[in-house]
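Structural characterization, general
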Amino acid sequence: MNNTLGLISAFLGGAIVGAGAAVLFAPEKGEDLRRRICNILREKGIMCSETDVDALVEKLTKELDD
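Residues numbered from 1 in each chain as written. Predicted model: local features only at pLDDT ≥ 70, side-chain atom pairs only at ≥ 80, totals over all residues. Heavy atoms only, no water.

Topic: the pattern of salt bridges
For the structure shown, the criterion picks out one salt bridge. Here Arg35 makes a salt bridge to Asp32, at a shortest N to O gap of 3.4 Å. Taken together, the positions of Arg35 and Asp32, both in helix α2 (residues 30-43) and three residues apart, correspond to about one turn of that helix. (Salt bridge = Lys/Arg side-chain N within 4 Å of Asp/Glu carboxyl O. Helix = DSSP H or I, 4+ residues; strand = E, 2+ residues; numbered from the N terminus.)

Quick look at the structure:
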């Protein structure tokens, strides 16, 4: 039972990371994409500024490059 739960959790975690990467690498202008990310976060109740999103994108890009 725990093994199955772990497998499902790993799958869902991978799906979330994959979806995030797909959004970041989508062929869309960076400014539009950042605005879209900010709007999605606000809809989920997470308050952020465009500066916060810029910092997040920079951090994710750096981690992907390493």
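There's plenty left to go through after this.
Let's talk about the layout of surface pockets
Approximately 420 Å³ is the volume found for the largest pocket. As for the largest pocket, its lining consists of 16 residues, and the residues nearest its centre are Ile16, Ala19, Gly20, Ala21 and Leu60. Of all elements in the fold, only α1 (2-24), α2 and α3 (50-65) reach the threshold of two or more residues within the lining of the largest pocket. When residues of the lining of the largest pocket are assigned to their parent elements, the largest contribution, seven residues, is made by α1. Class assignment for the residues of the lining of the largest pocket results in 13 nonpolar, one polar and two charged. (1 Å grid on protein atoms, 1.4 Å probe; cavity = no way out; pocket = protein on both sides within 12 Å on 5 of 7 lines; lining within 4 Å. Points joined across faces, edges and corners; volume = space filled by probe spheres on them. Nonpolar A, V, L, I, M, F, W, Y, C, P; charged D, E, K, R; others polar.)

Limitation: the analysis is restricted to geometry and does not speak to function.
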